[in-house]
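Notes for the structure review
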Amino acid sequence: MSSWFSLIHPQVWILVLGRFLSELGTGFTLFYAPIFFVNQVGLSATAVGFALGCASISGVVGRILGGSFADSPQMGRRRTLLLSAAISAVGSLVLAGTQNFVTLVIGNLIGGLGIGLYWPATEAVVADVTLTENRREAFAITRLADNLGLGMGIVLGGVLVTARSYRTLFIIDAISFIVFFVVVYVAIAETHQRQQTRQQETSHFAAWMVALRDRRLLVYVAVNIIFTTYISQLHSTLPVYFKNFVLVDSIKRIADSTISVLFAWHLAVAILAQLPVARILKRFSHSQALAVSALLWAGGFCLIWITGISHSGQLYWAALALGVFAVAIVSYTPSAASLVTDLAPPSQRGVYFSINSLCWAVGYFIGPPLGGWALDQPQSLIDYFWLWLALSVIITLAILYYLHRLLLSE
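Residues numbered from 1 in each chain as written. Predicted model: local features only at pLDDT ≥ 70, side-chain atom pairs only at ≥ 80, totals over all residues. Heavy atoms only, no water.

**As for the nonpolar core**
To keep it simple, the criterion reads: We define the nonpolar core as a collection of buried residues of types Ala, Val, Leu, Ile, Met, Phe, Trp, Tyr and Cys that are connected through side-chain atoms lying within 4.5 Å of one another. Burial status follows relative accessibility: with a 1.4 Å probe on protein chains alone, a residue under 20% of its type maximum counts as buried, one over 50% as exposed, and anything between as partly exposed. Runs of H or I in DSSP of at least four residues are treated as helices and runs of E of at least two as strands, each being numbered from the N terminus. We call two residues in contact whenever any of their non-hydrogen atoms come within 4.5 Å of each other.
In this structure, Phe227, Leu238, Tyr241, Phe242, Trp297 and Phe325 are the most contacted members of the largest nonpolar core, which totals 89 residues. Here the element with the most residues in this core is helix α14 (residues 314-343); it accounts for 13 residues. Leaving out residues up to four positions away in the same chain, Tyr241 has contacts with Val246, Ile304, Gly308, Leu375, Ile382, Asp383 and Trp386. The next biggest cluster of nonpolar side chains, apart from the first, holds 20 residues, and it includes Phe28, Ala33, Leu104 and Ile154.

This is the structure:
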């Protein structure tokens, strides 16, 4: 493994450090923000949910702008990352001082905009400086940094929460973005190739039109929305299903602390499996690696179904399912990002990664309402919801097969 570590561009390692620090701050606030604003500030759960949802709205705007900015000769990847870090820090500071609903909405709108600007630019930097043969490992390493930072942030945030230092969480989050700003400003060089001929120069609108006419990209978008819808079930539907519908030994419901341990296990498996899985799947094409991920999702959904209908060993089945889901995610993310890099012209990587990031917004728009609708059904139908998700993988594999043929023919 050390042999290909040395092949990763130094810029990627610097960005890994910055992403770790940024996600560390995010981990501090991710799970504890709703608790703070409901129990400490005194806002209603509905109001807090609406305000947190505002981040997704501004995040869509940020992703669109971030793709165009990252490809712009005037802005480029580096300045877009700096702008993202600065805006995100401001958003966290606003949330740290929030006392009412209006300020909470403003803070989330600012923070969502900053995160939206961040993703297309950071993915484009990795794509710019990485050789094709090492690209999956590079994206895997950045995802590993994200997961490590997020996990440590959640654990350390829990320590502060026990001391009721909720506002400190947002201040630390702001500091993490400021440190990320400094890292980018000092150590990250502009990677966007600004030397273009007049024939290569395109307006922002024209760049988006070129991308939206790319049939390969559009097919990938369809399958990527399905994958992100699957991922959204882990964060929205599955915790509620475990809490309200799974009985341990058919007697008692799963405790909140146990659910936390299960998802900590999921994160640990993702961290440990990230690099080995990237190496194993390197022998496959991007579409084939995504097909492996799809099969793992099907297996995980079947295990959740078994968890719900089993009369014993529910926690073991749940742990096994979350372990499979972790491997499914780490199979998906590096291959998906590498595929987008291969599809995108170098001068338009920002726009292509913007579209890739927008798939997450669409998946998270579809997934939670779908899961919420399923959880409102009778128990017998709720259990079979997971089997229907597993069967939907057939559609995913069919689209991936078409994408594979399309990539081979062009």
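**Section: the side chain of Ser331**
Looking at the element boundaries, Ser331 is found in helix α14. By relative accessible area, which is 2% here, Ser331 ends up buried. Leaving out residues up to four positions away in the same chain, Ser331 has contacts with Val277, Leu281, Ala289, Ser293 and Leu296.

**Description of helix α16 (residues 379-409)**
Quick reminder of the rule: Multiplying 1.5 Å by the residue count of a helix minus one yields the expected span of that helix. The seven residues ending at a residue and the seven starting there each receive a fitted axis; the angle between those axes is the bend at that residue.
Taking 1.5 Å per residue, 31 residues should reach 45 Å; α16 reaches 47 Å between its end C-alpha atoms and fits that length. Where α16 bends most, at Phe385, the angle is about 25°. Among the residues making up α16, those that are buried are Ile382, Asp383, Phe385, Trp386, Leu389, Ala390, Val393, Thr396, Leu400, Leu403, His404 and Leu406. Where the residues of α16 are buried, they touch α10 (215-235), α11 (237-245), α13 (286-309), α14 and α15 (349-375).

**Focus: the packing of α11 against α15**
Stated formally: Fitted lines through C-alpha atoms serve as axes, helices being fitted only where they are in contact, and the angles separating the N-to-C directions of these axes extend from 0 to 180 degrees. Relative orientations are named as follows: roughly parallel for angles under 35 degrees, roughly antiparallel for angles over 145 degrees, roughly perpendicular for angles from 65 to 115 degrees, and oblique for any other angle. Crossings are assigned a handedness: left-handed for a near helix turned anticlockwise from the far helix by less than a right angle, right-handed for a clockwise turn. Think of it as three bins: nonpolar holds Ala, Val, Leu, Ile, Met, Phe, Trp, Tyr, Cys and Pro, charged holds Asp, Glu, Lys and Arg, and polar takes everything else, Gly as well.
Two numbers describe how α11 lies on α15: the axes approach to 10 Å, and their chain directions differ by 20°. Put simply, α11 runs roughly parallel to α15. Where α11 crosses over α15, the handedness of that crossing is right-handed. In this structure, α11 contributes Thr237, Val240, Tyr241 and Phe245 to the contact, and α15 contributes Gly367, Gly371, Gly372 and Leu375. Residues of the contact of α11 with α15, tallied by class, amount to 4 nonpolar, 4 polar and no charged.

**Some words on the confidence of the model for the chain**
To be explicit about the condition: The predictor attaches a confidence to each residue, called pLDDT, with possible values from 0 through 100.
Of the residues in the chain, 92% have a pLDDT of 70 or more, and the chain-wide mean is 85. At the level of individual helices and strands, the chain shows its lowest average pLDDT in helix α1 (residues 2-5), which scores 56, and its highest in α13, which scores 95. Note that pLDDT drops below 50 for residues 195-201; the model gives that stretch 2 contacts with residues more than four away or on any other chain.

**Considerations on a nonpolar patch on the surface**
Short version of the rule: A patch consists of residues whose relative accessible area exceeds 30% and which take part in no salt bridge; residues with like charges are grouped when within 9 Å of each other, and nonpolar side chains (Val, Leu, Ile, Met, Phe, Trp, Tyr) when within 5 Å. Here the open area of atoms and residues is found with the Shrake-Rupley method and a 1.4 Å probe, where only the protein chains shown may cover a residue. Each salt bridge in this description consists of a side-chain nitrogen of Lys or Arg and a carboxyl oxygen of Asp or Glu lying within 4 Å of one another.
Residues Ile178, Phe181, Val182, Tyr185 and Val186 make up a contiguous nonpolar surface patch of about 490 Å² in total accessible area. Structurally, Val186 can be placed in helix α8 (residues 166-187).

**Some points on the pattern of salt bridges**
Under the defined criterion, the tally for this structure stands at 10 salt bridges. With a shortest N-O distance of 2.6 Å, Arg19 and Asp146 are connected by a salt bridge. With Arg19 in helix α2 (residues 10-30) and Asp146 in helix α7 (residues 135-162), this residue pair connects regions lying 127 residues apart in the sequence. With respect to burial, Arg19 and Asp146 carry one shared label: buried. The salt bridge partner of Glu123 is Arg143, with a shortest N-O separation of 2.7 Å.

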